[in-house]
Amino acid sequence: MPRDAQGFLVPGVISPKRPVPASIPRPEYVGRSGPRRHDRGDVYSAADIELIREAGRIAAQAVELVGEAIRPGVTTEVLDVIAHEFIVANGAYPSTVGYRGFPKAVCTSINEVICHGIPDDTALSDGDIINVDITAFKNGMHGDLSKTFIVGSVQPEVELLVERTREALERGIKTVAPGRQVNVIGRAIESYAKRFGYGVVRDFTGHGVGASFHSGLIIPHYDAAPAFDDVMEVGMVFTIEPMLTLGTPEHPGIVDWDQWDDDWTVTTKNKSVTAQFEHTLAVTERGADILTLP
Ligand code: MF3
Ligand code: CO
Ligand code: CO
């Protein structure tokens, strides 16, 4: 089993790529080294927002289905198969397959893995937490979300981290309103996380999403003002996806990270446990409309 002597994750064996039926339309980056530049802005019509919602609903239902399969002994490879088959059965393309070389339909990020874990033969253990991050592409639009699940029973401090990371996303979403700068979102998230001495990951952010997987618009999860002063507008679509860590009392706040030789898997440098939740949302006159509900 891929864990080291201290129980930390080590790379496992990644299975061959799963096919996507040729009848399912692909995003433009598939079969190329990376995406083309996004050039249509981040504001969408009501009709386009419904298309993003349709992709987002498929992704959200896939996350729920994966969640039902989570238990000790299950491999992340098995979770990937569940997500992949559900997404293609709904006529959608799993956006991460072939995105800058990522091989699988879901990112599975366990314990000290911050994000972008690749499904492999790693089996879940009692006491793990696992983030499941899925994006679906349908009718030319991407919908992107993630949730962190608890495996069996975890330490109380880990359960609290997961619950408070969910709450941090909630608080970020509540700040969304037209006329505000996007940096208000991270201000709310960081001030909440700081109460508990948690680390807030800075180098991976929320992003514009819709016609592109990552549009170039960046949504920080910390108080970045006066930077990141893009003003929210009705119809703007982006993700909020805070990653919080238990951190250490000596070094709260900023989080240092490492990346595995697979060029994807990102872990906390001190191997402290980290959780994440993500939604795609549209800005409305009244606040935020979450587009990634099951
Ligand atoms: N879904 C992730 C996000 O929230 C991106 C994953 S890209 C991958 O932005 F290539 F790692 F899958
Ligand atoms: Co995501
Ligand atoms: Co995202």
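Residues numbered from 1 in each chain as written. Chains lettered and ligands numbered in written order. Predicted model: local features only at pLDDT ≥ 70, side-chain atom pairs only at ≥ 80, totals over all residues. Heavy atoms only, no water.

Draft legend 1. Layout of the site of ligand 1. Contacts to ligand 1 come from 14 residues, most closely from T96, H207, H214, E241 and E278. The side chain of H207 places a nitrogen or oxygen atom 3.0 Å from an oxygen atom of ligand 1. Between ligand 1 and the protein, one listed contact pairs an oxygen atom with a side-chain N or O atom of E278 at 3.0 Å. Burial of ligand 1 by the surrounding chains reaches 97%, relative to a free accessible area of 340 Å². Taken together, the residues that form the shell around ligand 1 break down as 5 nonpolar, 5 polar and 4 charged. (Near = heavy atom within 4 Å. Polar contact = N/O pair within 3.5 Å; in protein donor to acceptor, adjacent residues only side chain to side chain. Areas by Shrake-Rupley, 256 points an atom, 1.4 Å probe, with all protein chains shown as cover. Nonpolar A, V, L, I, M, F, W, Y, C, P; charged D, E, K, R; others polar.)

Draft legend 2. Spatial organisation of the pairing of strand β5 (residues 141-150). The element β5 is extensively covered by neighbouring structure, given that 8 of its 10 residues are classed as buried. Two elements, strand β4 (residues 129-138) and β5, share 10 bridges in a ladder whose sense is antiparallel. Looking at β5, one finds that I129 is bridged to I150. What sits between the antiparallel neighbours β4 and β5 is a turn of 2 residues, in which N139 has the positive phi angle 55°. (Buried < 20%, exposed > 50% of the residue type's maximum accessible area, 1.4 Å probe, protein only. Helix = DSSP H or I, 4+ residues; strand = E, 2+ residues; numbered from the N terminus. Pairing = 2+ DSSP bridges.)

Draft legend 3. Here's a closer look at the sheet that holds strand β15 (residues 279-283). If you walk across this open sheet you meet the 3 strands as β9-β15-β16, and the pairing is antiparallel. Each having just a single partner strand, β9 (237-240) and β16 (288-290) make up the two edges of the open sheet. For this sheet, the mean angle separating the axes of adjacent strands, direction not counted, is 40°. Across 3 bridges, β15 lies against β16 in antiparallel orientation. (Axes fitted to C-alpha atoms, helices over the stretch in contact; angles between N-to-C directions.)

Draft legend 4. Seen up close, unusual backbone geometry. Here A225 and P226 are connected by a cis peptide whose omega angle stands at 10°. Mapping P226 onto the fold places it in the loop between β8 (218-219) and β9. Positive phi, close to 65°, is recorded for K271, a residue that is not glycine. Its relative accessible area of 29% is what places K271 among the partly exposed residues.

Draft legend 5. Seen up close, the coordination of the cobalt ion (ligand 3). Of the protein atoms, only D144 (OD), H207 (NE2), E241 (OE) and E278 (OE) coordinate the cobalt ion (ligand 3), at distances of 2.0 to 2.2 Å. Along the chain, the residues donating to the cobalt ion (ligand 3) fall in the pattern D-x62-H-x33-E-x36-E. Between the cobalt ion (ligand 3) and the cobalt ion (ligand 2) the interatomic distance amounts to 3.3 Å, and D144 serves as a bridging ligand to the pair. Residue H207 is found in strand β7 (residues 206-207), and its partner E278 is found in the loop between β14 (274-276) and β15; the two are separated by 71 residues along the sequence. Note on accessibility: H207 and E278 belong to one class, buried. (Donors = N, O, S within 2.8 Å, 3.2 Å for Na, K, Ca; no water.)

Draft legend 6. Region of the structure containing the side chain of R53. The topology assignment puts R53 in helix α1 (residues 46-69). Within the structure, the side chain of R53 is placed 2.8 Å from the side chain of D289, a separation counted as a polar contact. In this structure, R53 is in contact with D289, I290 and L291, ignoring residues within four places of it in sequence. (Contact = heavy atoms within 4.5 Å.)

Draft legend 7. Representation of the coordination of the cobalt ion (ligand 2) within the structure. In the first shell of the cobalt ion (ligand 2), the protein supplies D133 (OD), D133 (OD), D144 (OD) and E278 (OE), at 2.1 to 2.4 Å from the metal. Taken together, the 6 donor atoms coordinating the cobalt ion (ligand 2) span angles of 58 to 166° at the metal, a pattern that classifies the geometry as irregular. (Tetrahedral: all angles 85-135°; square planar, octahedral: opposite > 155°, others 65-115°.)

Draft legend 8. A look at the packing of aromatic side chains. Taken as a whole and judged by the stated rule, the model has 6 aromatic pairs. Geometrically, the ring pair formed by Y99 and F213 is tilted, given 4.7 Å between the ring centres and 55° between the ring planes. Here the residue Y99 occupies a position in the loop between β1 (93-94) and β2 (107-110), and F213 occupies one in the loop between β7 and β8, the gap between them amounting to 114 residues. Here Y99 falls in the buried class, since its relative accessible area comes to 8%. A residue is classified by how much of its surface remains accessible, and F213, at 6% relative accessible area, is buried. (Phe/Tyr/Trp six-rings, centres within 6.5 Å; stacked < 30°, edge-to-face > 60°.)

Draft legend 9. Main features of the packing of α1 against helix α2 (residues 76-89). For the pair α1 and α2, the least separation of the axes is 9 Å and the interaxial angle reads 145°. For the element pair α1 and α2, the recorded crossing hand is right-handed. Contact residues: α1 offers I58, Q61, A62, L65, V66 and A69, while α2 offers L79, I82, A83, F86 and I87. (Left-handed = near helix turned anticlockwise from the far one by under 90°.)

Draft legend 10. Inspection of the environment of T239 at higher detail. With respect to the helices and strands, T239 occurs in strand β9. Under the relative-accessibility criterion, T239 is labelled buried at 0%. In this structure, the C-alpha to C-alpha distance between T239 and R36, residues 203 residues apart in sequence, is 20 Å. Side chain to side chain, T239 and E241 meet in a polar contact 2.8 Å long.

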